[in-house]
Amino acid sequence: MTLRPALKTPIPGPRSRALAVELRAHESPNVTYVSAGFPVFWQKALGANVWDVDGNRFLDLTSAFGVASLGHAPKKIVAAARAQLGRLYHAMGDVHPSEEKVALCRELSRLTFESWQQGPGKVFLANSGGEAVEAALKTAWLATKKRGVLAFTGGYHGLGYGALTVNGRDFFRAPFVEQLADFATFLPFPECQHCPFGAGSREPGSCLADCQNTLMSRVETLLAEGEIGAVLVEPVQGRGGEVVSPPWLLPLLRALTERHGALLIFDEIFTGFYRTGRRFACDHANIAPDLICLGKALTGGFPLAACVGAAKWMDIAWPESTGEALHTSTFLGNPLGCRIALESLALLEAEPWSERVTALGAHLQAGLKSLQASSPLWGHPRGLGLMQGIEVLDEQGQPDPARAGALVEKMLARGVILLSGGTRRNVLSFTPPFVITEPEIDFALKQLRRGLD
């Protein structure tokens, strides 16, 4: 069920404003952004709708950070969670596991490396995407004994000190750089709309050969030095601003990592499970990684993530446990999370979400291109499937993060939940639940046009 917004109070309402004051008194001031127009405090959510504590109903274009791909509170997932909660919601993940953990590891192997005809996959379950990335980094080190990791600017891989070391966003790294290790090397991510190699502004896929050759030469040189054991990349950068990799990038990285004995790691925490119109974003390029990191839509809302690796690399990297695991956590393989993930995966695989997401994504992208044509303050649309973005510019055609932030607050006041992001913080991001409809998308775009006017 998806409904248009219905607002009963000014936004934020009085109860949200009171809760913001209370939260600010007790939470670190760096966590929750509070202003005269932000935030609203959620009370319940269903489908693509969210109700706040003041009774206002909103249209969610974020899927709550790309998590609620199937919509908020799907009945079958809620029922499975309740049943599991009444039976077993904690076990001893690396000592006395639950049956649900076995089933989830088996299913993740089937959906990844077995589906790519790469043999079985082996799994590390985790509590967050950042932990999954760190499991992948450890695996690459143990398998190759090469300490270096090649990553890309704009990439977002988590905020723990291991994941932060390979995070391509200086905003997150800079305050802690004195405590970070020095094993990461960064190259520019080939963003076609703003080519880092000097080719100007181009449509995705139309990159000049010089761009490809320049990056290929840099990657080849770094890998040939023999210190890089892993290449980490998001096939579509999420928090980097919905930046789609050009079609040559993943095949290039696959070929070069195989040539030089490095592992290829895909961070598909955001893009996994049909967000881009395919089960995984790498499926658009028909390229399989050595390790893949998954999260967000894996459960649709419960904190659980996974690093899945090709068995040949997992078995080389990790010794068999003798009673003390090298990489584990208290809540590893939590049975409640595993049961929710299994139900979520069953629903994701039971319906033709690929076709729906592709069609809705095309409709959304057409609407964003119409916005771009309506005003010079709109920049480049970009994205894949239901992972779309559009730049907000100033009168000189430069990135305008302040205007983007103001538009997010204006949209909230009109009943539409939206986020801004990107390396310049001027990209409005659209990652709605798959259950959203074309009329709801059109309504949101109409409100956005009015907001800019």
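Residues numbered from 1 in each chain as written. Predicted model: local features only at pLDDT ≥ 70, side-chain atom pairs only at ≥ 80, totals over all residues. Heavy atoms only, no water.

Turning to the sheet that holds strand β16 (residues 419–421), a few remarks are in order. Taken in spatial order, the 4 strands of this open sheet run β13-β14-β17-β16, and their pairing is antiparallel. Each having just a single partner strand, β13 (378–383) and β16 make up the two edges of the open sheet. With strand direction ignored, the average angle separating the axes of adjacent strands in the sheet is 30 degrees. Pairing between strand β14 (residues 388–392) and strand β17 (residues 427–430): 4 bridges, direction antiparallel. By the bridge assignment, E391 is partnered in β17 with V427. Packing against the sheet, helix α12 (residues 353–374) makes contact with β13, β14 and β17, and its axis sits at approximately 165 degrees to β13. (Pairing = 2+ DSSP bridges. Helix = DSSP H or I, 4+ residues; strand = E, 2+ residues; numbered from the N terminus. Axes fitted to C-alpha atoms, helices over the stretch in contact; angles between N-to-C directions. Contact = heavy atoms within 4.5 Å.)

Side chains of R4, K410, R414, K446 and R450 sit close together on the surface and give a patch of like positive charge. Within the element layout of this structure, R450 appears in helix α14 (residues 438–452). (Patch = residues over 30% accessible without salt bridge, like charges linked within 9 Å, V, L, I, M, F, W, Y side chains within 5 Å. Areas by Shrake-Rupley, 256 points an atom, 1.4 Å probe, with all protein chains shown as cover. Salt bridge = Lys/Arg side-chain N within 4 Å of Asp/Glu carboxyl O. Lys, Arg positive; Asp, Glu negative; His and termini not counted. Charge placed at Lys NZ, Arg CZ, Asp CG, Glu CD.)

As a further point, take the pattern of salt bridges. Under the criterion given, the structure shown has 13 salt bridges. Residue K122 is joined to D315 by a salt bridge in which the shortest nitrogen-to-oxygen separation is 2.8 Å. Taken as a pair, K122 in strand β4 (residues 121–126) and D315 in helix α10 (residues 311–317) lie far apart in primary sequence, 193 residues in all. For D315, a relative accessible area of 46% puts it in the partly exposed group. For the salt bridge of R424 with E191, the shortest nitrogen-to-oxygen distance reads 3.8 Å. With R424 in the loop between β16 and β17 and E191 in the loop between β6 (184–187) and α8 (209–224), this pair connects stretches of sequence that are 233 residues apart. Judged by relative accessible area, E191 falls into the buried class, the value being 10%. Several salt bridges share partner residues, and in doing so they unite E191, R382, E391 and R424 into one network. (Buried < 20%, exposed > 50% of the residue type's maximum accessible area, 1.4 Å probe, protein only.)

Spatial ordering of the open sheet is given by β1-β2-β3-β15, a layout of 4 strands whose pairing is mixed. Looking at which strands have only one partner, the edges of the open sheet turn out to be β1 (42–46) and β15 (416–417). Here β1 pairs with strand β2 (residues 49–52) via 4 bridges, running antiparallel. Bridged to A45 within β2 is V50.

Inspection of the secondary structure assignment puts P12 in the segment before α1 (14–26). Residues P12 and G129 lie 117 residues apart in sequence; the distance between their C-alpha atoms is 31 Å. Apart from the residues lying within four places of it in its own chain, the contact partners of P12 are R17, A36, G37, F38, P39 and V40.

Take T165: it is sitting in helix α6 (residues 161–165). A relative accessible area of 2% places T165 in the buried class. If near-sequence neighbours (up to four positions away) are discounted, T165 is found in contact with R173, L180, A181, F183, A184 and F186.

Turning to the packing of helix α13 (residues 401–413) against α14, a few remarks are in order. Contact geometry for α13 and α14: axes closest at 10 Å, N-to-C directions at 125 degrees. On the basis of the axis angle, α13 is oblique to α14. The handedness of the crossing between α13 and α14 is right-handed. Touching R403, L407, K410 and M411 of α13 are A444, Q447, L448, G451 and L452, all from α14. Its residues placed into classes, the contact of α13 with α14 shows 5 nonpolar, 2 polar and 2 charged. (Parallel < 35°, antiparallel > 145°, perpendicular 65-115°, else oblique. Left-handed = near helix turned anticlockwise from the far one by under 90°. Nonpolar A, V, L, I, M, F, W, Y, C, P; charged D, E, K, R; others polar.)

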